[in-house]
Amino acid sequence: MASNTQHEPTPVEQSFLNWFESTGGYLSPDVSLHDFTLQGMGRGMKSNKRLERDALLFSIPRYMLLGTRTSTLPSRAIAADEKAASLEAQTNPHLFTWQSLSGGWTQLLLVMLWEHFRSTAEGGAALNDSLAPRGSMDDEQDNAGGSVGPSWGPYFDILPRNFDTPMFWDRQELQDLEGTTVREKIGLAEAQLAYRTQLLPYIHAHPDLFVGSKASANARQVESLISTYYSEELFHRMGSAVLSRSFHVNLPGQGGLEEVGEAEDGMEVEDDEDEDEEDGEGEGEENINDVCMVPMADMLNARFESDNARTFYHQDVLEMRTTQVVEAGEQLLNTYGDPPNCDLIRRYGYVDEPNGADVAELPATTLVDALLSLEGLTSTTAVHETRRADLLSRLGWTISIGFDEVHALAYLFPLSQEAPFEPTPLSPTERELRSAAASISDELLAQARVLIMSPETLEKLKKKDKLPSSRIEAREFVDGQSRGVAEIIARAIELRLEVYPTTLQDNRATLYASLSTHKRLAPLSARRRNALVVRSGEQSVLMDNLRVLKAADEASRKLEKGQGVTSEKRKDASESAGHKKSKR
Ligand SMILES: C[S@@+](CC[C@H](N)C(=O)[O-])C[C@H]1O[C@@H](n2cnc3c(N)ncnc32)[C@H](O)[C@@H]1O
């Protein structure tokens, strides 16, 4: 929605804008920061006039990016480690070296905390006093302007102090996420562990590096500085800023990848429009040095499939340009890679409604539970245990040959754009259901098939050294019992749905109460609402898949009945059918 109101920059924004331009950034007069709080988006950027496609919104020199390549901390830390190693010889090797912190975001977060301290009056005096001329820098760390690099103070000032990601929710609020996969992925415990066992011990082992000239003060003063500027609370704040605002920026000439947000999850958007960059990047390990903060670029909000601006990477600068015509007053939106709501809430603290990219995770072991439940083996009897062990070993085999342990189910039908945002059509024809079934993962179908086939068929398959595969309508006839691939997966989805404390119908009634005739409920808190949207999204994906699988199961039963084959023939057929050549 276009906004024609003018927003006077707040003092913090004005100071950030002054810093941005005086440090070397360029901001077009055709755009400005704007308050989108009413739309629930916080600060964002809007156009001041109609912009053509490819209009330059702002540019930022690479030395202004904040990360391990531009900060001088890494080279100082390495120099300190080398000095300590030469003094201590082999006898007392330092446990906490800079290198020992590699992996994860620890080095980057130390850089953020150190640069934040350096940008304060107290830190500036302490660190700049003690900053020796830069030692030798490797190529990767050659971007910083000047011997100590720019100061990012006004940038730190504009970063949020509070976040709405589940990491900061209380127990009650987290209960609303029950059943969703977000709960296991919040990562608070892992972050606390990294802070307490790596980051803090490293800081304590290197007071010269972290409090500079103040390291020679008494121990209490040193401790007080550390607990103020390197506190766990500040660490989580920086971590959340990286999670929700960082970009993945390769060195010039090493592929043009663009991303806002966490790079660890590998949700990368290939920026193949950039002429200055080579295309793509191999799948290998992520380079933590690529993850950095990009002041100004992280002022842009995003919405599912609505981006009108993108970042372009060049040798010395990054540019934000429009990718289509943008009307005067319109919000400039970047893309965060259109993740599902479970990722949006975890990384950015908001959800998109509707979100056609929603997913629901189905652990492959649920297929085992599904088959056991269909066989009536739900108790912990010896028969149940033996059968379960057999099925788990079959599953283990599929995983050993590269199949997924967890399947991410996606919508099979497009979502309506009206609340309650259901997959449409609501009553698909048989043909539509059949065509939607083609999108169900081959691996999921194959795993279900492996579970229901006879031991002999399975042995033959293993000997042939072929990847298992299956059609959705495939059935197996074993020990006088017919079982279908779709039947097993449908049951697994039903079991998965049982994990949620409330039904999709209940959630929709709560979320869209005002739409249903007479109900008027108390407004939901933003966090509660977001949690319900995440939960409903997962349930809706599961229900969407369920109806397609149920229809496929019914069709396969009809086919089996219609064929009227004898038990023996069915057995023979099942051994030879379905193992189409794998596409993998
Ligand atoms: C890269 S920052 C964008 C700038 C941010 N709005 C600010 O005030 O600084 C990403 C954050 O913006 C907010 N945001 C972005 N897009 C949003 C949306 N569609 N709805 C709600 N919040 C959004 C979320 O808080 C997210 O973590």
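Per an unreviewed UniProt entry, the chain goes by the name SET domain-containing protein and belongs to Ceraceosorus guamensis.

Asker: Just to check I follow, could you spell out the site of the ligand for this structure?
Answerer: What surrounds the ligand is a group of 14 residues, the closest being M41, R43, N301, A302 and Y348. One of the backbone N or O atoms of M41 is found 2.8 Å from a nitrogen atom in the ligand. Between the ligand and N301, the relevant distance is 2.7 Å, taken from a nitrogen atom to a side-chain nitrogen or oxygen of the residue. Contact with the protein chains covers 86% of the free accessible surface of the ligand, which is 560 Å². Every element with two or more residues in the shell around the ligand is listed here: α10 (232-245) and β9 (301-302). The residue inventory of the shell around the ligand, partitioned by class, reads seven nonpolar, four polar and three charged.

Asker: Hey, could you run me through the sheet that holds β9 in this one?
Answerer: The pairing of strands in a sheet comes from backbone hydrogen bonds and takes either a parallel or an antiparallel form. Across the sheet, four strands lie side by side as β2-β3-β12-β9; this open sheet has mixed pairing. Every interior strand has two partners, whereas the edge strands, β2 (31-35) and β9, have only one.

Asker: Got a minute to help me understand the confidence of the model for the chain in this structure?
Answerer: Confidence along the chain averages 87 in pLDDT terms, with 85% of residues attaining 70 or more. Segment residues 256-283 is flagged for pLDDT under 50; beyond a separation of four residues in sequence, or across chains, it makes 93 contacts in the model. Across residues 565-569, where pLDDT falls below 50, the model places two contacts with residues more than four positions away in sequence or in other chains.

Asker: Explanation requested: the pairing of strand β11 (residues 317-322) in the structure shown.
Answerer: A regular strand places its side chains so that they alternate between the two faces of the sheet. Buried residues dominate β11, accounting for five of its six residues. Of the pairings in the sheet, the one linking strand β4 (residues 56-61) to β11 comprises five bridges and is antiparallel in character. Within the sheet, the bridge partner assigned to S59 lies in β11 and is E319. As paired elements, strand β10 (residues 309-313) and β11 share five bridges and run antiparallel to each other. Looking at the pairing, Y313 lines up with L318 of β11. Two successive antiparallel strands, β10 and β11, enclose a turn made up of three residues.

Each value, and the rule that gives it
Think of each chain on its own: its residues are numbered from 1, step by step along the sequence as written. Where totals are concerned, whole chains, interfaces and linings use all residues; where local detail is concerned, this predicted model gives features only for residues with pLDDT of at least 70, and gives and counts side-chain atom pairs only at 80 or more. Side-chain numbers come from the whole structure's heavy atoms, not from hydrogens or water. Neighbouring residues are identified by heavy atoms, a residue being near a molecule or strand if any of them is within 4 Å of it. We call two N or O atoms a polar contact when they sit within 3.5 Å, provided that within protein one can donate a hydrogen and the other can accept it, with sequence-adjacent residues counted only if both atoms are side-chain atoms. Each accessible area is a Shrake-Rupley estimate made with a 1.4 Å probe; only the visible protein chains count as cover when residues are assessed. Runs of E in the DSSP output that reach at least two residues are strands. Runs of H or I that reach at least four are helices, and both are numbered from the N terminus. Only Asp, Glu, Lys and Arg are considered charged in this grouping, and only Ala, Val, Leu, Ile, Met, Phe, Trp, Tyr, Cys and Pro are considered nonpolar; every other residue, Gly among them, is considered polar. Strands qualify as paired when DSSP identifies two bridges or more between them. Confidence of the prediction at every residue is given by pLDDT, a number between 0 and 100. By definition in these notes, contact holds between two residues if any of their heavy atoms fall within 4.5 Å. Accessibility here uses a 1.4 Å probe with only protein chains present; expressed as a share of the type maximum, an area under 20% marks a residue as buried, one over 50% as exposed, and anything in between as partly exposed.

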